[in-house]
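Residues per chain, in single letters:
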Amino acid sequence: MLAFLIRRLFEAALVMIVVAIVAFTLFRFVGDPVSQMVSQDATIAQREALKAELGLNDPLIVQCAHFIWKSLHFDFGISYKFREPVVNLLGQRMPATLELAAIASLFAIGIGIPLGVYTGINRDSLLTRVIMAGSLIGVSLPTFLIGILLIYLFAVTLHWLPSYGRGETTSFFGLWQTGLLTSGGLRALVLPAVTLGLFQLTLVMRLVRSEMMEVLRTDYIRFGRARGLTNRAIYFAHALKNTLVPVITVIGVEIGTLIAFSIITETVFQWPGMGLLFIQSVQFADIPIMAAYLLLSAVIFVTLNLVVDILYMLIDPRIRVAVRA
Amino acid sequence: MSDPILSVKDLRVEFATRSGPLRAIDGVSFDLNKGEVLGFVGESGAGKSLTGTAVIGLIDPPGKITGGEIRLEGRRIDHLSIEELRRIRGREIGMIFQDPLTSLDPLMRIGDQLIETIITHVAVSRTEARARAVKLLEDVGIPAAAERVMSYPHEFSGGMRQRVVIALALAAEPKVIIADEPTTALDVSVQAQIIALLKKLTSERGMAVMLITHDMGVIAQIANRVAVMYSGRIVEIGPVADVVRQPAHPYSMGLMGSIPSLHAEHARLKQIPGSMPRLTALPAGCAFSPRCERADARCKVERPALAATGMTTSACFHPVTSTVAEVAG
């Protein structure tokens, strides 16, 4: 187990170095930050001074090593646009994105799994057909359209929920702005979380359904029935548990997607999270932010993958054996 | 003789298809007595497994029992609600499946699977159920049962897993066991052990067993009576010794003639020409008539009923009167 973890951590480090190199090359290829930052009538001397200040005159390798070294210390440089350390900017924005992603994941998993179980058991019932047809909408409608439709219905027409922003937030030790403790903050979370999680919900549901149908055909389920086990035991203790390995794999990746690529939802709802920061930095060719965002996304995915691997071992004793061997 | 523990009368199972119902079991009747092992033999698709599945009420749609009755100790069980039927399964009638490698939930310790089954049917505490689970594993011959109870299925060999499956089927002490090809997926040497175990358990516990197999050797070793099935019907039923030595139905004769023997001198095994008809194309009269050398015009139009013929009961207008040895010789 420990050896396995060490091996996985080593692999994770390799992945991170590769991503860091890619992030660094951003600096070389995405526009010229200097021309973005100075006014049009700046002198050449002023431009050169800024270039030197940003460290753009050093040799490539040095710049790259410098970048990786500083990244390890959470120093991602100064944002070209905001003139503020990138780590501060991301730190301010991260709680908004993480809370949004957490609620969206809960929504997707909390509804997706039960619906998947139901439709997997009652594969031909009327309700199943309705749910499956509805899930097609969730899969096929683009996120921004769902967001706009929800805003139109619940914010503009019914006035039930706010249409943009985080609402009221409270601060934890000045580090973490949370919207989870006030009713205004919670109300503001509903629409963006539904928008962000809907696709994942349908994905989880469809996966659980197909896995359930697969497992319910197996001999051990038949044998369970032949022993007179209750439906509850058969569906949940045996069938659902046996669907979890593939389901957790997908959920792990999808949570990463929710955190790292909530850009569209955050834009539609003007949600002050990292995605919105990212889109602004793209418009401005604010490379330090983009590079840091890329690294952060990689960290999220690598971490989630590690968590998924550990969960595998907790669920399936056969994988534990394979790891020990 | 006392009343049979399980009594099946004129059982009919049909599958609804687009081109109308397909009759997979057609008028099967038999009695199973206490402590008796009744073997069911026949080719694949003859309806042996389906008969067992029907008795325990586990036929999957589109299959359905469309006629006849099944009585357990005199009480009809083919019309029970899903919940009532569930209480009978495992408690009154247990079932053992063919493949021990896939019959156990891979993610659950075998002890937990046993405890779960016991608690479902018997009002005992978890600790008591656990003690029973260990006892059951000992009964089916698993060494170091007290430790093995914590093991997962993948930690057992095939033969050991089939023992676990048997322990699970016996967990709530059912009166009838349906063993569906219990040894088919096992090595020959392990087969003998499992058969010996089944034999021991049935005589110790006085259970009645429906033993479904296509292996006449297994039947000969353990069964008291045997039913030969063909195209969804029982074509012959009788004491094992008689059916093996002197079957009356030409199909049974063909089956017995195709068993390899150490003593026989002829080099080639007899085989029955042709194959069993599809359910969609059953002949009008006796289903075996197209393959039967004794068939005449009557066999093609009229379906023979089961009747006493010689030593056994068979469904044939022209029963064989000679023994297997004579026919082979």
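Residues numbered from 1 in each chain as written. Chains lettered and ligands numbered in written order. Predicted model: local features only at pLDDT ≥ 70, side-chain atom pairs only at ≥ 80, totals over all residues. Heavy atoms only, no water.

## Remarks on the overall build of chain B
A count of helices and strands for chain B gives 12 helices and 12 strands. Rg of the C-alpha trace for chain B: 21 Å, near the compact-globule value of 20 Å for 329 residues, within the 12% margin. Counting only contacts in chain B whose residues sit at least 6 apart along the sequence, the fraction spanning at least 24 positions is 65%. Per element, the accessible surface of chain B, about 14,800 Å² overall, is 53% carbon and sulfur. With 37 positive and 36 negative side-chain charges, chain B shows a spacing of 2 Å between the two charge centroids. (Helix = DSSP H or I, 4+ residues; strand = E, 2+ residues; numbered from the N terminus. Rg over C-alpha atoms; globule rule 2.2 N^0.38 Å. Contact = heavy atoms within 4.5 Å. Areas by Shrake-Rupley, 256 points an atom, 1.4 Å probe, with all protein chains shown as cover. Lys, Arg positive; Asp, Glu negative; His and termini not counted. Charge placed at Lys NZ, Arg CZ, Asp CG, Glu CD.)

## What to know about the packing of aromatic side chains
Residues and elements named next belong to chain B. Tallying each qualifying case throughout the model produces eight aromatic pairs over all chains. Relative to Phe288, the ring of Tyr251 has its centre 5.2 Å away and its plane inclined at 65°; by these criteria the two rings are edge-to-face. Taken as a pair, Tyr251 in helix 10 (residues 250-257) and Phe288 in the loop between helix 10 and helix 11 (297-301) lie far apart in primary sequence, 37 residues in all. When sorted by exposure, Tyr251 lands in the same class as Phe288, which is buried. (Phe/Tyr/Trp six-rings, centres within 6.5 Å; stacked < 30°, edge-to-face > 60°. Buried < 20%, exposed > 50% of the residue type's maximum accessible area, 1.4 Å probe, protein only.)

## Quick look at helix 4 (residues 60-72) of chain A
Residue and element names in this part refer to chain A. Here helix 4 spans 18 Å end to end across 13 residues, near enough to the 18 Å set by a 1.5 Å rise per residue. Buried residues along helix 4 sit in contact with helix 1 (2-29) and helix 13 (287-315). Phi turns positive, to about 55°, at Phe74, one or two residues after helix 4. (Expected span 1.5 Å × (residues − 1).)

## Looking at the domain arrangement of chain B
Residue and element names in this part refer to chain B. Structurally, chain B comprises domain 1 (6-223) and domain 2 (230-260 + 268-328). The straight-line distance from the C-alpha centre of domain 1 to that of domain 2 is 28 Å. On the side of domain 2, 17 residues touch domain 1, which itself brings 20 residues to the contact. Roughly 1,400 Å² is buried in total at the junction of domain 1 and domain 2, and carbon and sulfur atoms are behind 66% of that figure. (Domains from an automatic or database assignment. Buried area = accessible area lost by both parts, 1.4 Å probe.)

## Describing the interface of chain B and chain A
In this complex, chain B contributes 28 residues to the contact, which on the side of chain A involves 21 residues. Carbon and sulfur atoms supply 60% of the area that chain B and chain A bury against each other, a total of about 2,200 Å² over both sides. Among the residues of chain B in contact with chain A, Phe97(B), Leu107(B) and His154(B) are the three that bury the most area, contributing 27% of the side total. Remark: the boundary between chain B and chain A carries one salt bridge. Here Arg222(A) ties to Asp60(B) by a salt bridge, and the two come within 3.2 Å at their closest N and O atoms. Summed over the shared surface of chain B and chain A, the result is 14 residue pairs in polar contact (both at pLDDT 80 or more). Every element with two or more residues in the side of chain B that touches chain A is listed here: strand 6 (93-96), helix 3 (110-121) and helix 6 (158-170) of chain B. Residue contributions to the side of chain B that touches chain A peak at five residues, all from helix 3 of chain B. Split by residue class, the side of chain B that touches chain A holds 13 nonpolar, nine polar and six charged. (Salt bridge = Lys/Arg side-chain N within 4 Å of Asp/Glu carboxyl O. Polar contact = N/O pair within 3.5 Å; in protein donor to acceptor, adjacent residues only side chain to side chain. Nonpolar A, V, L, I, M, F, W, Y, C, P; charged D, E, K, R; others polar.)

## So, the domain arrangement of chain A
All names here are of chain A. What the domain assignment lists for chain A is domain 1 (2-72) and domain 2 (92-324). Of the residues lining the interface, 17 residues belong to domain 1; the matching set on domain 2 comes to 16 residues. Of the roughly 1,600 Å² buried between domain 1 and domain 2, counting both surfaces, carbon and sulfur atoms make up 87%. Taken together, domain 1 and domain 2 are joined by one salt bridge. The closest approach of N and O atoms between Arg8 and Asp309, which form a salt bridge, is 2.2 Å. Between domain 1 and domain 2 we count one residue pair in polar contact (both at pLDDT 80 or more) in total. Residue assignment for the side of domain 1 that touches domain 2 shows that the elements contributing at least two residues are helix 1 and helix 4. Among the elements that line the side of domain 1 that touches domain 2, the one with the most residues is helix 1, at 13 residues. Across the side of domain 1 that touches domain 2, the residue classes tally to 14 nonpolar, two polar and one charged.

## A word on the environment of Ile146(A)
Residue and element names in this part refer to chain A. Inspection of the secondary structure assignment puts Ile146 in helix 7 (residues 143-157). The class of Ile146 is buried, set by a relative accessible area of 8%. Along the chain, Ile146 and Leu158 lie 12 residues apart, while their C-alpha atoms are 16 Å from each other. Once you skip the residues sitting within four places of it in the chain, Ile146 turns out to touch Leu141, Thr195 and Leu198.

## Focus: the pattern of salt bridges
Close approach of charged atoms allows side chains with opposite charge to pair. Counting across every chain of the model gives 25 salt bridges over all chains. Measuring nitrogen to oxygen at the nearest pair gives 3.0 Å for the salt bridge that ties Glu11(A) to Arg8(A). Linking Glu11(A) with Arg8(A), this pair stays in helix 1, spanning three residues, or about one helical turn. We classify Glu11(A) as partly exposed; its relative accessible area is 34%. Among the charged side chains, a network of salt bridges with common partners joins Asp10(B), Arg12(B), Glu14(B), Arg23(B), Asp26(B), Arg233(B) and Arg303(B).

## Quick word on the state of the cysteines
Residues and elements named next belong to chain B. Scanning the entire structure with this criterion turns up zero disulfides over all chains. The cysteine Cys286 is free of any disulfide, with Cys299 supplying the nearest cysteine sulfur at 6.1 Å. The class for Cys286 is buried, based on a relative accessible area of 12%. (Disulfide = S-S within 2.5 Å.)

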